[in-house]
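Descriptive structure summary
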Amino acid sequence: MRYEADRVSDIQIAYIGGGSRGWAWTFMTDLAMEPQISGTIRLYDIDREAAKANAIIGNRQKQRKDVPGQWDYVVKDTLQEALDGADFVVISILPGTFDQMEVDVHMPERLGIYQSVGDTAGPGGMIRALRTLPLFLEFGKAIRETCPNAWVINYTNPMTLCVRMLYQAFPDIKAFGCCHEVFGTQKVLAAIASQELGCGPIDRRDIRVNVLGINHFTWFDYASYRGIDLFPVYRQYVDAHYEEGFEEKDHHWMNSTFACAHRVKMDLFRRYGLIAAAGDRHLAEFMPGEEYLKDPGTVSGWKFGLTTVAWRKEDLQKRLERSRRLASGQEEIELKATGEEGILLIKALCGLERVVSNVNIPNTGHQIANLPDNAVVETNALFERDAIRPVLAGSVPEPVRRLLQPHLENHDRIMQVVLGNNRDMELVEEAFMNDPLIKGRATEEQIRALARDMMSATLG
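Just so it is clear, the structure is predicted and the values come from calculations on it, not from any experiment.

**What to know about the pairing of strand 2 (residues 7-16)**
Every regular strand shows the same layout, with side chains that alternate between the two sheet faces. Of all the 10 residues making up strand 2, 8 are buried; the element is thus mostly covered by neighbouring parts of the structure. Examined bridge by bridge, strand 1 (residues 2-4) and strand 2 share 3 bridges and lie antiparallel to one another. Paired with glutamate 4 across the bridge in strand 2 is arginine 7. In textbook terms, the turn of a hairpin is the stretch between consecutive antiparallel strands, and for strand 1 and strand 2 this stretch comprises 2 residues, one of which, aspartate 6, has a positive phi near 60°. Across 7 bridges, strand 2 lies against strand 3 (residues 37-44) in parallel orientation. Residue isoleucine 11 lies in a different strand from strand 3, and its bridge partner there is glycine 39. As paired elements, strand 2 and strand 5 (residues 88-91) share 4 bridges and run parallel to each other. In the sheet register, isoleucine 13 faces strand 5, and the bridge partner there is phenylalanine 88.

Okay, here's the thing in structure tokens:
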């Protein structure tokens, strides 16, 4: 990297999963709009043709007169070539295929177990982890050997376990996980505060929050706007709108697989006194299966949806077609801020900013006092030149800690299975029986059979 006045050039970024038709375009868009940093993006993907298409799309941006960010995109044939001398490493991969994900998400339905996402918790999240973590073990080892001083930014789910495996492979790694779910809850609070306080539009960045929990099961125990405590404001809104929930403008829950009416958040607030800070689709999967995900009718009553793999396959075809249009020049990427903070955090780590944002890193700094040291937790942290300093978030209330506990226990089990390299079915079956989404929904024999069948179907 070369440092100049108010800018840094010749930054080398390795992008693992560089053929992505989602996150890569988001990343390109934010880079194109950023005038203070420039350099080279090394795209590495097992689908080399997809990476080549993204290189064409990325390099087209540099020719546009309305693009201040100057980046070169190159395709690398091996992981080592991509990592060699990298300053930053971005990991955004799809572990396996959509056919394997179909097993993750839909095979449990034979026992009446429904999942709204299937990539973090529940049976789908655990099986996905067993496919993903061996890859992250290899990524961590390669980073240790090739670019040990690089900052590693993970976007892949299951976020918590992926980051934990990177540290297992390379304890001195400088890795963290980025997730935008907290931002979504800040936006909800901003809209509610604007309405309830009778003021104009509020930027979500002006909603100050204390973040604590694990990825996709995060909570706020503090939220304020310009000195105003937002908990009474939120409580008043929940009491008045509990049945219909909160509908974001032009984003009705029935018209989008990702949208929700935030009724699960409201219910959790009434029950636990904290503001749950992730999308309802994610939050529901951490709770007992008899509650929000009992059956499709129950899901509809809580005003969120089940993201089917059939929808994902159909969406992939649309993305493939868009990739062709972008690569051929028939369509241009719209230069509009995506709302992600990955580029802002890179700027901060380069010394150009000083930023507080939510981050997934190990709890070795005791940022959540009553969770284990070896857990990867999500809290706020201060980002500045070549440093991440976790903010002490305090303790989670005991009722919330009890909700987190079975998931933390299962993280330990899944790590043991992968590191033992022996596909210990007993541990996997224990994890299934311990998972709140599954527990009590079927007999022990049925649950063990489900674990074995899912392992066999997606891992061979």
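**Let's talk about the nonpolar core**
Grouped together as the largest cluster of nonpolar side chains are 104 residues, with contacts concentrated most on Val89 and Phe432. The dominant element in this core, judged by the number of residues it contributes, is helix 5 (residues 122-146), at 10 residues. Leave out the neighbours within four places in its chain, and valine 89 touches Ala14, Ile16, Leu83, Ile143, Cys147, Ala150, Trp151, Val152 and Ile153. Counting 38 residues, the second-largest nonpolar core is a separate cluster that includes Trp25, Phe27, Ile37 and Leu43.

**A closer look at the packing of helix 5 against helix 15 (residues 425-434)**
Contact pair helix 5 / helix 15: the axes reach a minimum separation of 10 Å and the direction vectors enclose 155°. Of the possible angle classes, the one that applies to helix 5 and helix 15 is roughly antiparallel. When you trace helix 5 past helix 15, the crossing you get is right-handed. Taking contact as the criterion, the partners of Pro123, Met126, Ile127 and Leu130 in helix 5 are, on helix 15, Val428, Ala431 and Phe432. When the residues that make up the contact of helix 5 with helix 15 are grouped by side-chain class, the tally is 7 nonpolar, no polar and no charged.

**Overview of the pattern of salt bridges**
Taken as a whole, this structure holds 41 salt bridges when the rule is applied. Its salt-bridge partner being glutamate 145, residue arginine 144 comes within 3.1 Å of it at the nearest N-O pair. Taking the relative accessible area as the measure of exposure, glutamate 145 reaches 60% and is therefore exposed. In this structure, arginine 322 engages glutamate 331 in a salt bridge whose closest nitrogen and oxygen atoms are separated by 2.8 Å. Among the residues examined, arginine 322 registers a relative accessible area of 26% and is labelled partly exposed. If you follow the salt bridges from partner to partner, you end up with Glu426, Glu429, Glu444, Arg448 and Arg452 in one network.

**Section: the state of the cysteines**
By definition, a disulfide links the sulfur atoms of two cysteines through a covalent bond. As enumerated under the stated definition, the model contains 0 disulfides in all. The cysteine cysteine 162 is free of any disulfide, with cysteine 179 supplying the nearest cysteine sulfur at 12 Å.

**Focus on empty space enclosed by the protein**
Counted by the stated rule, this structure contains 5 cavities of 30 Å³ or more. The space that makes up the largest cavity amounts to roughly 90 Å³. Forming the walls of the largest cavity are 13 residues, and the residues nearest its centre are Thr120, Ala121, Met126, Asn410 and His411. If you list the elements that add at least two residues to the lining of the largest cavity, you get helix 5 and helix 14 (398-420). Its residues assigned to classes, the lining of the largest cavity shows 6 nonpolar, 6 polar and 1 charged.

**As for the packing of helix 14 against helix 15**
The N-to-C vectors of helix 14 and helix 15 enclose an angle of 165°; their axes lie 9 Å apart at closest approach. Classified by the interaxial angle, the pair formed by helix 14 and helix 15 is roughly antiparallel. Helix-helix and strand crossings are classified by hand; for helix 14 and helix 15 the assignment is left-handed. Of the residues in helix 15, those in contact with Pro406, Glu409, Asn410, Arg413, Gln416 and Val417 of helix 14 are Leu427, Val428, Glu430, Ala431 and Asn434. Residues that form the contact of helix 14 with helix 15 fall into these classes: 5 nonpolar, 3 polar and 3 charged.

**Looking at the pairing of strand 12 (residues 355-362)**
The element strand 12 is largely enclosed, with a buried count of 7 among its 8 residues. Two strands pair when backbone bridges link them, and strand 12 and strand 13 (residues 376-384) are joined in this way by 8 bridges, in the antiparallel orientation. Of the residues in strand 13, the one forming a bridge with valine 356 is leucine 382.

**Quick word on the side chain of aspartate 119**
Relative to the helices and strands, aspartate 119 resides in the loop between helix 4 (98-106) and helix 5. Within the local environment of aspartate 119, its side chain forms a polar contact with the side chain of threonine 120, the two groups lying 2.8 Å apart. For aspartate 119, the side chain forms a polar contact with the side chain of asparagine 157, separated by 3.1 Å. Setting aside residues up to four positions removed in sequence, aspartate 119 forms contacts with Gly125, Arg128, Asn157, Pro158, His216 and His282.

**A closer look at the side chain of aspartate 30**
Looking at where aspartate 30 falls in the secondary structure, it is placed in helix 1 (residues 23-32). The buried charged residue aspartate 30 lacks any salt bridge, with arginine 205 as its nearest oppositely charged partner at 8.2 Å. A distance of 2.6 Å separates a polar atom in the side chain of aspartate 30 from a polar atom in the side chain of threonine 338. With residues up to four places along the chain from it excluded, the contact list for aspartate 30 reads Ala337, Thr338, Glu340 and Ile343.

What counts, and where the lines are drawn
Residues numbered from 1 in each chain as written. Predicted model: local features only at pLDDT ≥ 70, side-chain atom pairs only at ≥ 80, totals over all residues. Heavy atoms only, no water. Buried < 20%, exposed > 50% of the residue type's maximum accessible area, 1.4 Å probe, protein only. Helix = DSSP H or I, 4+ residues; strand = E, 2+ residues; numbered from the N terminus. Pairing = 2+ DSSP bridges. Core = buried A, V, L, I, M, F, W, Y, C linked by side-chain atoms within 4.5 Å. Contact = heavy atoms within 4.5 Å. Axes fitted to C-alpha atoms, helices over the stretch in contact; angles between N-to-C directions. Parallel < 35°, antiparallel > 145°, perpendicular 65-115°, else oblique. Left-handed = near helix turned anticlockwise from the far one by under 90°. Nonpolar A, V, L, I, M, F, W, Y, C, P; charged D, E, K, R; others polar. Salt bridge = Lys/Arg side-chain N within 4 Å of Asp/Glu carboxyl O. Disulfide = S-S within 2.5 Å. 1 Å grid on protein atoms, 1.4 Å probe; cavity = no way out; pocket = protein on both sides within 12 Å on 5 of 7 lines; lining within 4 Å. Points joined across faces, edges and corners; volume = space filled by probe spheres on them. Polar contact = N/O pair within 3.5 Å; in protein donor to acceptor, adjacent residues only side chain to side chain. Lys, Arg positive; Asp, Glu negative; His and termini not counted.

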